[in-house]
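# Chain and residue survey
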Amino acid sequence: MALESASLLKAGLVLLMAAQVLPSVSACNRGGYEKTINDLCLEKFKVDLKGLDQGLWCSWPDTTEIYEGLTNCTFQEAMKMDCFWPNQIVDRFFMQIHQTYFHDCPLTGRLLHDPPISILAPFIAVPVLVTLLMTALVVWRSKRTKGVL
């Protein structure tokens, strides 16, 4: 048993040392990936967007297919080049897309709104009522000390 534990310990130490000595390998060529999505995905996005009237660029139903195509293109290219997706390059890429093409779009329709009162009321009323009932129960019980062990 002790001999078996010692050999397992040695094997673990060898693996640990090998992991520290061998360099980590990443097949992703970040520069190539960035160039590819700019040359391929962005160019197709530009062509598709030019086919749409500029007044409709802020209309999500009208741009959703074009935007999904752009997203899918960046994903497919990341998979081809063994890059993680999403990544910092994609984040910067989409930030530039939004700053260039969608900076004038109004925020209406995308802002968070309170839910209707019919949904909101129970989420407020139930905790308030439970708190009041528990307080009343504690006060009532503290006045009735007889018979309590």
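Please refer to the structure higher up on the page.
Presented here is a report on the structure given in the accompanying data block. The model shown is predicted, which means the values in this text are computed figures rather than measured ones.

### A closer look at the packing of aromatic side chains
Here the structure, examined in full by the defined rule, presents eight aromatic pairs. Measuring from centroid to centroid gives 6.4 Å for F45 and F102, while their planes differ by 70 degrees, and the two rings are edge-to-face. Note that F45 is positioned in helix α2 (residues 30–50) and F102 in the loop between α4 (88–101) and α5 (117–143), a separation of 57 residues in sequence. For F102, a relative accessible area of 14% puts it in the buried group. Both rings, one in W60 and one in Y67, keep their centres 5.6 Å apart while their planes meet at 65 degrees; by these two values the pair is edge-to-face.

### Remarks on the state of the cysteines
Applying the stated criterion across every chain yields a total of three disulfides. With a sulfur-sulfur separation of 2.0 Å, C41 is cross-linked through a disulfide to C73. Measuring the twist about the S-S bond at about -80 degrees, one finds the C41-C73 disulfide to be left-handed. Separated by 32 residues along the polypeptide, C41 in helix α2 and C73 in helix α3 (residues 60–80) bring together distant segments of the chain. One exposure class covers both C41 and C73, and it is buried. Covalent S-S linkage joins C58 and C105, the inter-sulfur distance amounting to 2.0 Å. Judged by the sign of its S-S torsion, about -90 degrees, the bond between C58 and C105 is left-handed. A residue pair is termed long-range when its members are at least 10 positions apart, and C58 in the loop between α2 and α3 and C105 in the loop between α4 and α5 qualify at 47 residues. With a relative accessible area of 41%, C58 lands in the partly exposed category.

Definitions and limits used
Residues numbered from 1 in each chain as written. Predicted model: local features only at pLDDT ≥ 70, side-chain atom pairs only at ≥ 80, totals over all residues. Heavy atoms only, no water. Phe/Tyr/Trp six-rings, centres within 6.5 Å; stacked < 30°, edge-to-face > 60°. Helix = DSSP H or I, 4+ residues; strand = E, 2+ residues; numbered from the N terminus. Buried < 20%, exposed > 50% of the residue type's maximum accessible area, 1.4 Å probe, protein only. Disulfide = S-S within 2.5 Å.

Geometry only, nothing functional implied.
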